[in-house]
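# Descriptive analysis of the structure
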Amino acid sequence: MSASATVAEPLVHIRNFRMDFGTQTAVRDLSFDVFAGETFGFLGSNGSGKTTTLRALLGIYQPTAGTLHIAGKVFEPRDGARLGYLPEERGLYKKESVLDVMVYFGRLKGLGRAGATQWSRSYLERVDLADKADVRLDKLSGGQQQKIQLGVTIMNSPELLILDEPTQGFDPVNRRLLMDIIEEQKRAGATVIMVTHQMDEVERLCDRVILLKDGTAEAYGTVEEVQDLYGGTVVRVRCAGLLPASDLFDVARSDGDLADLAPRAGVDEAQILAELVRHGVQVRSFTTARTSLEEIFLRVYGTPSEPVGV
Ligand SMILES: Nc1ncnc2c1ncn2[C@@H]1O[C@H](COP(=O)(O)OP(=O)(O)OP(=O)(O)O)[C@@H](O)[C@H]1O
């Protein structure tokens, strides 16, 4: 893997990827790039083709059609020293001790025994598992085992990290800890591709995203570009009384006395405020916010919120 990939030359390059399983098409005509140094959110509903795409990128699946390149060529396992892959299906040697497993993987990734041991002990300290170093892996909880697997994935400071649902199954405190660790990898220069269903993680960590729907791209761009595509800025009001039907806005979301109003084209916030006041709505607070990715996800994959009065 080249360390000199630049914005002009994407680190990951996928064009017209198609994957059929028998008569079922899992992914069709999918194209996107991931550039060196960015954190890329790979999003989509269950079964939309995310894991299939990652597996084809890593040569686990043979694509039906299309180009999938890492650093300008088809990935081969011998190029894997600078790659960290956290697969959706977790799995480590469960009958060995935590430290032995970590050191084993560290050595596979080219670290010396002393370096791997030192790195593992400091990681275990970081993730609050220092007291488990000599415990058999199958005696750890599911979340604890996942922490070990993430450690094994990042321990050789990979240039490219591919994480399939890295925080799945973690409590909020540990989810934040894992996000901090991923963010550190990003700050250290890693390119990160992350499958996640947690939209707050995407808003915090990702520079650009792709949303898959039915095996192809529904939206692709920076988080801001995708937000703009699906409504951009909303006016968030807390108010008493029914919202009036208006030509100036649509009610994008409504929850108790809080509502997000999506301005129609050419309408600004001041006009919306004046409209509400004119209709006798008691406005308690009035701010502007970008449409959240969570809301966009619901719009793309689920039933959009019905405009209702508050
Ligand atoms: N080895 C396989 N054989 C047959 N069908 C498969 C295989 N792998 C995946 N599929 C199908 O391809 C589609 C996409 O699956 P994939 O695992 O890529 O989805 P995903 O977006 O990762 O979903 P999730 O968010 O639930 O993990 C699904 O309909 C799935 O059943």
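To be clear, the structure that these remarks concern was listed above.
Everything in this summary refers to the structure shown in the same document. Being a predicted model, the structure only gives us computed values, none of them experimental.

### Digging into the overall build of the protein chain
Along its length, the protein chain carries nine helices and 13 strands. Projected onto the principal axes, the alpha-carbon positions of the protein chain cover approximately 75 × 45 × 40 Å. Each of the 310 residues in the protein chain was classed as buried or not, and the buried ones make up 35%. In the protein chain, once contacts between residues fewer than 6 apart in sequence are set aside, the share between residues at least 24 apart is 67%.

### Remarks on the site of the ligand
Taken together, the neighbourhood of the ligand is formed by Phe 21, Gln 24, Ala 26, Gly 44, Asn 46, Gly 47, Ser 48, Gly 49, Lys 50, Thr 51, Thr 52 and Glu 88. Top element by residues in the shell around the ligand is helix H1 (residues 50-57). It accounts for three residues. Here the residues of the shell around the ligand are counted per class, giving two nonpolar, eight polar and two charged.

### Quick look at the environment of Cys 206
Looking at the element boundaries, Cys 206 is found in the loop between helix H6 (199-205) and strand S8 (208-213). Distance from Cys 206 to Val 101, taken between C-alpha atoms, is 31 Å for residues 105 residues apart in sequence. Every residue in contact with Cys 206, bar those within four places of it in the chain, is listed here: Thr 39, Phe 40, Gly 41, Met 194 and Val 223.

### Let's talk about the pairing of strand S13 (residues 282-290)
S13 sits mainly on the outside: zero of its nine residues count as buried. Pairing of strand S10 (residues 233-240) with S13, which is carried by eight bridges, proceeds in the antiparallel orientation. Counterpart to Val 237 in the pairing with S13 is Phe 286.

### Remarks on the nonpolar core
Formed by 56 residues in total, the largest nonpolar core has its most connected members in Phe 40, Leu 57, Met 102, Val 192, Ile 193, Met 194 and Val 209. It is helix H2 (residues 98-108) that provides the largest number of residues to this core, a total of five residues. Dropping the residues within four chain positions of it, Met 194 is found in contact with Thr 39, Phe 40, Gly 41, Phe 42, Leu 163, Pro 166, Leu 205 and Cys 206. The next biggest cluster of nonpolar side chains, apart from the first, holds 12 residues, and it includes Ala 252, Ala 259, Leu 261 and Leu 276.

### Re the sheet that holds strand S1 (residues 12-21)
One open sheet accounts for three strands, arranged S2-S1-S4; its pairing is antiparallel. Only two strands of the sheet have a single neighbouring strand rather than two, namely strand S2 (24-34) and strand S4 (65-70). For this sheet the average axis-to-axis angle between neighbouring strands, irrespective of direction, equals 25°. Relative to S2, S1 runs antiparallel, the two sharing seven bridges. Its bridge partner lying in S2, Phe 17 is registered against Leu 30.

### Quick notes on the sheet that holds strand S12 (residues 258-263)
With antiparallel pairing, the four strands of this open sheet are ordered in space as S11-S12-S10-S13. Looking at the sheet topology across the chains shown, the edges are occupied by strand S11 (249-255) and S13. Direction aside, the axes of adjacent strands within the sheet are offset by 25° on average. Alignment of S11 against S12, held across six bridges, turns out to be antiparallel. Following the sheet pairing, Ser 254 is matched in S12 by Ala 259. Here helix H8 (residues 269-278) sits on the sheet and contacts S10, S11, S12 and S13; the angle it forms with S13, its principal contact strand, is near 155°.

### Some remarks on helix H4 (residues 142-154)
For H4, spanning 13 residues, the distance from its first C-alpha to its last is 19 Å, which sits close to the expected 18 Å at 1.5 Å a residue. What H4 keeps buried is the set Gln 145, Gln 146, Lys 147, Ile 148, Leu 150, Gly 151, Val 152, Thr 153 and Ile 154. On its buried side, H4 packs onto strand S5 (83-86), H2, helix H3 (113-126), strand S6 (160-164) and helix H5 (172-187).

Analysis parameters
- Numbering of residues begins from 1 in every chain and follows the order in which that chain's sequence is written.
- Only residues with pLDDT of at least 70 are given local features in this predicted model, and only at 80 or more are side-chain atom pairs given and counted; all residues enter the totals for whole chains, interfaces and linings.
- In this text, helices come from DSSP runs of H or I with a minimum length of four residues, and strands from runs of E with a minimum of two, each type numbered from the N-terminal end.
- Buried means a residue has 20 or more other C-beta atoms within 10 Å of its own C-beta, exposed means 12 or fewer, and partly exposed covers the counts in between; C-beta atoms are placed from the backbone.
- Residue pairs qualify as contacts under a 7 Å threshold applied to their C-beta atoms, which are placed from the backbone.
- Placing a C-beta atom from the backbone of each residue, we mark the residue near a molecule or strand if the atom is within 6 Å of it.
- Charged residues are taken to be Asp, Glu, Lys and Arg, nonpolar residues to be Ala, Val, Leu, Ile, Met, Phe, Trp, Tyr, Cys and Pro, and polar residues to be all remaining types, Gly included.
- Strands pair, by our definition, only if DSSP identifies at least two bridges between them.
- Working definition: the nonpolar core is a set of buried Ala, Val, Leu, Ile, Met, Phe, Trp, Tyr and Cys residues, joined through C-beta atoms within 7 Å.
- In this analysis, axes come from line fits to C-alpha atoms, helices being fitted only over the stretch in contact, and the angle between any two N-to-C directions falls in the range 0 to 180 degrees.
- Multiplying 1.5 Å by the helix residue count minus one yields the expected span of that helix.

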